[in-house]
Amino acid sequence: MSLSLSVLLAIALSATAFLMAPRRALNLVSGDRRQLASLPKQFGLSAGLTVFLPAMLIALVGGLGGFSTTILPYIVIAVAVVALVVSVWQSRPDFIARNRAESLITLVLIAASGVAILTTVGIVMSMLFETTNFFQDYNWKDFFFSTEWSPNFRGDSALGILPLLWGTLYISFIALLFAVPIGLFAAIYLSEYAGPRLRSFAKPAIEILAGIPTIVYGLFALVTVGPFLRDYFATPMGFGQSASSVLTAGLVMGVMLIPFVSSLSDDIFNAVPQTLRDGSLGLGATNSETIRQVVVPAALPGIVGAVLLAASRAIGETMIVVLGAGAAARLSLNPFEAMTTVTVKIVSQLTGDTDFASPETLVAFALGLTLFVITLGLNVFALYIVRKYREQYE
Amino acid sequence: MSYPSNSLLRVDDRIRKRNAAETRFKAYGITAIVIAVLALAVLLTSVLGSGLSAFRQTYLTVNVQLPEAKLDKSGVRDPAVMRKVTTIGYASLLRDGLLDTMQDAGITTQMSKKDVAKLISKEAPATVRNHVLANPEVIGTTMTFDLLAQGRIDGFFKGRVTLESAALDGNTSPEALMLAQELKEAGLLETRLNWDFLIAPDASDQRPEAAGLGVAILGSLYMMLVVLVLALPIGVASSIYLEEFAPKNRWTDLIEVNISNLAAVPSIVYGILGLAIFINFMELNQSSPLVGGLVLTLMTLPTIIISTRASLKSVPPSIRDAALGVGASKMQAVFHHVLPLAAPGILTGTIIGLAQALGETAPLLLIGMVAFVREYPAAFSPDAGLFGEASTALPVQIYNWTQRADPGFVERASGAIITLLVFLFIMNIIAIMLRRKFERRW
Amino acid sequence: MLDHNRMDLEMHTQTKVKISAKDVQVHYGDTHAIKDVNVEIEDNAVTAFIGPSGCGKSTFLRCINRMNDTIDICRVQGDIRIDNEDIYDRRVDPVQLRAKVGMVFQKPNPFPKSIYDNVAYGPRIHGLANNKSEMDQIVERALRRGAIWDEVKDRLHAPGTGLSGGQQQRLCIARAVATEPQVLLMDEPCSALDPIATAQVEELISDLSKNYCVVIVTHSMQQAARVSQKTAFFHLGHLVEYGDTDKIFTNPEDPRTESYISGRIG
């Protein structure tokens, strides 16, 4: 018997319990439902869950834990049958079924909120495990401090993260350089100046940018922005011949980040109390003086948080750099040159034919863990700042 | 005109300077908005410009003889025997058919027969073969087929290929394009609407003209089903717990911080998780919509939880008090009163989360969805289980096509983006309509 | 132009009218908030606007320095003049107007800056000081006028938000005074303060009326009676009665005023 069949059977058994328990309770009081301690429905719910939950738990834990697949289905069925008998036997008129049903439902709810924790644990464990494997084959000092990245399959790969980090940070920097002023000014103009007509048009337009998948931005970089920058800037100015470049990826990523920055800072500006604006305007300050000297300084911590969140987004962005930045690991200052990032290399090391014993594949997990730690640090810090900022004005 | 020094109408240098600064500041704001809107416009026009033509395709109308001697040596329509004739056998039939059709129309050419045959897509013989195998009765007749023209010919009529570029191109020649032009004037060649793009499976590197989105759309649909079935109940259950039942302590604080962080974890990290846990550890099938759906579920969960909690929070406490006041348990108050009132908000959040998941690419690359798949995946098969057959997905198909050498695939990728954006647009419109319809002010 | 000057002269010789309003109407979207208000407010005196909540007294106050311009849906019609100049003239810059007509708000709203910077903010944007020592003098003078100098002189660079509520409100008054306005508008300046702080601010208001035309909106009739020389009673957007404070409180003409004063409406 297969596990899925036993799970189906267990579901059928719990349905039986759901139907039988209220019937038995009602029979015991000869159909007078007023004498029951709970509604008949609650009897059904309580019995059904009593059968269903333990069986599912065993199936799930046993299945994931690699428990013997020949015995496990029978255990699941056995548990369900026992629970069926017990729960129906328990269904007497004075049994407060509602309490049982509700505590079981609470358990389900708690389990559901545990999924988020499990996800984090899963992320960390999966990467930690393979990363330790990687560092057994490859010196961690070389990984973190070497400036050379040249994997090959002869077994003498150089897998230094520095050129990848450099590309990542360089591209993110350009993206932020583009997105932060534009996003901030757009948010300021829309919230402090724009009339309802402009707002009703520009706000959705900027929000559309946020809803466009990154693969679309990637193709935009590859097909439009890259060749444009190459033909009109890089080649005439003698900076290089490459369509994929730091600037291409940075600019397109900047466009992607505009709505992110502007909607976050919009929220933050709205949190600045109107009384502060009134105070400044009442002293005869112009709108721009009020914004620059009162609103922005008051909102500064929030803005810093928003920029950090945007930075974390930029660092973790994958498709735009895969299609726009290039694949060559390089430590260079020329923004028209192709460079590569941590995320690009994770993709390239883990797609295609991969051999999970070689350091060339395992390095992707070390890269992933590094990426995770960096972005996690940025996120925690940024969310902390933003939270503190909000509390200040609440 | 001069005014007394304390007049309101007096404008001095300082005021002039301050007003200029105000104007400048406003100009920065407008510039920022213009740049953002312009970026959107350029992005959309560049995608629409190169992608709309993917929904049109060039076809050759060719009369093809289907001689029994070649296609069915058994003479009794035995499928096993008919299958022995490969696409190469059909290709020569098509070539002859095209030459005959040209002769009938009075079109002559200096090109060799082999080069003329190149006008027909390499995909066409397989199409004809499938048609014949499915309808054996057509053997022995002459049928008129609308055959896909080769990608370069198609590109010529869409402006992608010119006579100059063809001269440098090994896959076509100016003469071939001229011939195609003549065929068009004779009514034997036509560029028309092509719904096959949405239905057909992917095609190999040499045949952009035949590549379609069928498998990718199906795969994306399966994944969205998985995400919906898993993420919605789990998300709602965990939000209800956190918002309505959880005691405020360290543990729930940790869960909260954890959820807001998960929402900001780079998506590729979820791909690594999927690869390590679902494929390497749990040994689920690579490239399967099940794994893709699971990964996207974990990714979407924080979004759904955050929006669900916001809509639960917006239900005023007086509703809960009213239910508790008539003797409902807390659980009943939540399930009978709070949840129905929060439902529109939850649905809106879920649709937006689904839309996000639909466009996500990076994690799917890592779990093997980038593979070349031509078979439509079944929702259930005894071997692979539920949603276990290899598949691809819309955004991954786009990525896949950008990696191909033939420039025809850029058009395909852009066309696929249009399809993807249309889906996203529809989902967002539904979300907006839901919000409008059920929006409540307390 | 000549006309203007002659009128100006006449005004100065007869009364000391600082602000005059004629047929003022204010609409918030579809709501008619102020209806046909006519009033003449004297210089170097405290004028109190009283009335039940929502009667339009704050709205009218905000018309005098055009703070209502910052609200999109608000429309002001009619004629408001300060020193006989129409403040709603197209050529008038509201920014300049507000430098001349300072405002103190209901809730103390110090900027999240130091005490010094709070006071120096106005003079800085209007360019009133040529150097640091002049600015120091302006700040000190303003803080003295705000009757808060002694309390803060040792911690001028501490944040203004760290002061107590009453101190914050006096800081805001000092901040308003620092730009050398001619009119001071106060929108329920004591409503967020405890009785002791209220007494200090009221004393300050009486002091200020020696140099400024002060207009105060208040909820408290006792406060109006204590600090003002003139009182205007607003009801449902109308200016019901305007006159000497003593007269309004002892012998009002309009029955509505009497009902309000005796506590029957409001």
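Residues numbered from 1 in each chain as written. Chains lettered and ligands numbered in written order. Predicted model: local features only at pLDDT ≥ 70, side-chain atom pairs only at ≥ 80, totals over all residues. Heavy atoms only, no water.

Peer 1: Summarise the overall build of chain C; cite the residues concerned and give the values.
Peer 2: Broken down by element type, chain C carries 11 helices and 10 strands. A compact globule built from 266 residues would reach a C-alpha radius of gyration of about 18 Å, and chain C, at 19 Å, matches this within 12%. Classification of the 266 residues of chain C by burial places 55% in the buried group. For chain C, contacts bridging at least 24 residues in sequence account for 66% of all contacts bridging at least 6. Of the roughly 11,800 Å² of accessible surface on chain C, 48% is carried by carbon and sulfur atoms. Charged side chains in chain C number 31 positive and 37 negative. The centres of these two groups are separated by 3 Å. (Helix = DSSP H or I, 4+ residues; strand = E, 2+ residues; numbered from the N terminus. Rg over C-alpha atoms; globule rule 2.2 N^0.38 Å. Buried < 20%, exposed > 50% of the residue type's maximum accessible area, 1.4 Å probe, protein only. Contact = heavy atoms within 4.5 Å. Areas by Shrake-Rupley, 256 points an atom, 1.4 Å probe, with all protein chains shown as cover. Lys, Arg positive; Asp, Glu negative; His and termini not counted. Charge placed at Lys NZ, Arg CZ, Asp CG, Glu CD.)

Peer 1: Describe the domain arrangement of chain A, and please don't skip the residues or the numbers.
Peer 2: For chain A, the assigned domains are domain 1 (3-108) and domain 2 (149-393). The gap between the C-alpha centroids of domain 1 of chain A and domain 2 of chain A is 52 Å. (Domains from an automatic or database assignment.)

Peer 1: Talk me through the interface of chain A and chain C; I want residue IDs and the actual numbers.
Peer 2: Chain A puts 18 residues into the contact, and the matching count from chain C is 23 residues. At the boundary of chain A with chain C, total buried surface from both sides reaches about 1,600 Å², with 63% on carbon and sulfur atoms. Looking only at chain A, the three residues that lose the most surface to chain C are D278(A), G282(A) and L283(A), adding up to 35% of its buried area. Between chain A and chain C we count 1 salt bridge in total. If you list the elements that add at least two residues to the side of chain A that touches chain C, you get α10 (274-282) and α11 (287-316) of chain A. For the side of chain A that touches chain C, the element with the most residues is α10(A), which contributes 7 residues. Taken together, the residues that form the side of chain A that touches chain C break down as 7 nonpolar, 8 polar and 3 charged. (Buried area = accessible area lost by both parts, 1.4 Å probe. Salt bridge = Lys/Arg side-chain N within 4 Å of Asp/Glu carboxyl O. Nonpolar A, V, L, I, M, F, W, Y, C, P; charged D, E, K, R; others polar.)

Peer 1: So what's going on with the nonpolar core? Residues and values would help.
Peer 2: Counting 215 residues, the largest nonpolar core has Y217(A), I346(A), L367(A), Y270(B) and L208(C) as the members making the most contacts within it. Top element by residues in this core is helix α6 (residues 162-193) of chain A. It accounts for 16 residues. Membership of the second largest hydrophobic core comes to 38 residues, among which are L94(B), I120(B), L147(B) and L179(B). (Core = buried A, V, L, I, M, F, W, Y, C linked by side-chain atoms within 4.5 Å.)

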